[in-house]
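# Summary of the model geometry
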Amino acid sequence: YKVLAVLAVSAAMYLFLSFFVLLVYVLLCRTDVYWNVPLSAVTTWSGAIVSRFFITIGGYWLLQLGVGLAAVLIMAVIFCAAMLFTKNFYAGSAISVGVSLLLLGIIQMVPAAQNSFLVMGSPIGLYLNVSKFLQQDFLFSILPHFEGIMLLIWCGIAAVLGVVGFMRFRKAAL
């Protein structure tokens with residue numbers, strides 16, 4: 001129940017903050033006027049642009065909302081698994097923050113990491129490369145099939161860590 005409560009609170013806070021930011025953008029920048037404009041019409045590249053699939057600004061926002069929600073839930077499961085595995089709140093928190101900072105450091109500092117399918121598809125990598133949508137300097141364009149596959153892989157990793165943490169917790173309780 002505690003793990004489900006962490007997931008529910010994390011999802012609710014992420015959705016609340018996302019809709020709050022959207023409301024601010026609608027009030028200040030009038031983004032609702034451009035909601036149905038194709039995303040390829042607002043890119044600023046030189047030359048012809050042929051997008052791989054048609055998406056509007058509103059559709060892209062919904063796509064990134066879903067990807068962000070999945071990434072938040074995956075990181076919450078990793079956090080819960082680390083706490084269950086260590087049986088200590090502080091150690092679990094430190095491991096979770098350490099994993100996030102390690103991924104962030106690898107993505108930002110190691111040039112070869114830009115070519116890694118697993119690293120760039122991590123929840124941190126997806127967050128960092130949202131602004132590079134359909135750009136040529138990013139090897140793995142942020143596309144639905146890429147994000148979906150990588151979120152499934154990272155969800156599997158988080159589920160395995162969760163099962164290991166639950167098994168350790170259950171074994172210690174017996």
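Residues numbered from 1 in each chain as written. Predicted model: local features only at pLDDT ≥ 70, side-chain atom pairs only at ≥ 80, totals over all residues. Heavy atoms only, no water.

### Observations regarding the overall build of the protein chain
- Looking only at helices and strands, the protein chain has six helices and zero strands in total.
- Written out in order from the N terminus, the α and β elements of the protein chain read α-α-α-α-α-α.
- The buried share of the protein chain, taken over its 174 residues, is 32%. (Helix = DSSP H or I, 4+ residues; strand = E, 2+ residues; numbered from the N terminus. Buried < 20%, exposed > 50% of the residue type's maximum accessible area, 1.4 Å probe, protein only.)

### Things to note about the nonpolar core
- Judged by nonpolar contacts, the single largest core of 14 residues is most densely connected at I74, I78, I107, L151 and W154.
- If you list the elements that add at least two residues to this core, you get α2 (57-86), α3 (89-109), α4 (117-120), α5 (123-128) and α6 (144-173).
- Those residues within four positions of I78 in sequence are excluded, and the remaining contacts are S96, A158 and L161. (Core = buried A, V, L, I, M, F, W, Y, C linked by side-chain atoms within 4.5 Å. Contact = heavy atoms within 4.5 Å.)

### As for the packing of helix α1 (residues 2-29) against α2
- At a minimum axis distance of 9 Å, the contact between α1 and α2 shows a crossing angle of 150 degrees. Comparing the axis directions of α1 and α2 gives the class roughly antiparallel. Between α1 and α2 the crossing geometry is right-handed. Where α1 abuts α2, its residues V3, V6, L7, S10, A11, Y14, L15, S18, F19 and L22 lie against W61, Q64, L65, G68, L69, V72, L73, A76, V77, F79, C80 and L84. (Axes fitted to C-alpha atoms, helices over the stretch in contact; angles between N-to-C directions. Parallel < 35°, antiparallel > 145°, perpendicular 65-115°, else oblique. Left-handed = near helix turned anticlockwise from the far one by under 90°.)

### Focus on the side chain of S96
- Structurally, S96 is set in helix α3.
- S96 has contacts with I78, F79 and A82, leaving out every residue within four places of it along the chain.

### A word on the confidence of the model for the protein chain
- Averaged over the protein chain, the pLDDT score is 75; the fraction of residues at 70 or greater is 72%.
- Across the protein chain, the element-wise mean pLDDT spans from 72 in α4 up to 88 in α1. (pLDDT = per-residue confidence, 0-100.)

### Quick look at the packing of aromatic side chains
- Throughout the structure, instances matching the rule amount to five aromatic pairs.
- For the pair W35 and W61, a centre-to-centre distance of 5.9 Å together with 55 degrees between the ring planes defines the contact as tilted. In this pair, W35 sits in the loop between α1 and α2 while W61 sits in helix α2, placing the two residues 26 residues apart along the sequence.
- On the basis of relative accessibility, which here comes to 22%, the residue W61 falls in the partly exposed class.
- When the ring of F89 is compared with that of Y90, the centres are 5.4 Å apart and the planes differ by 80 degrees; the resulting orientation is edge-to-face.
- Residue classification places F89 among the partly exposed positions, given a relative accessible area of 45%. (Phe/Tyr/Trp six-rings, centres within 6.5 Å; stacked < 30°, edge-to-face > 60°.)

### Focus: a nonpolar patch on the surface
- A surface patch of nonpolar side chains, amounting to about 700 Å² of accessible area, comprises V9, M13, F16, L17, F20, V21 and Y25.
- Structurally, the position occupied by V21 is in helix α1. (Patch = residues over 30% accessible without salt bridge, like charges linked within 9 Å, V, L, I, M, F, W, Y side chains within 5 Å. Areas by Shrake-Rupley, 256 points an atom, 1.4 Å probe, with all protein chains shown as cover. Salt bridge = Lys/Arg side-chain N within 4 Å of Asp/Glu carboxyl O.)

### Comments concerning α3
- An ideal rise of 1.5 Å per residue puts 30 Å on 21 residues; α3 measures up with 30 Å between its terminal C-alpha atoms.
- Turning to α3, its buried residues are G92, S93, S96, S100, L103 and I107. Around the axis of α3, the buried residues are gathered within 110 degrees of arc, so they sit on the same side. Along α3, exposed side chains directed more than 90 degrees from the buried face belong to Y90, A94, L101, L102 and M109.
- Two or three places before Y90, at the start of α3, stands the capping residue N88, its side-chain oxygen 3.0 Å from that residue's backbone nitrogen. (Expected span 1.5 Å × (residues − 1). Arc of directions from axis to C-beta. Polar contact = N/O pair within 3.5 Å; in protein donor to acceptor, adjacent residues only side chain to side chain.)

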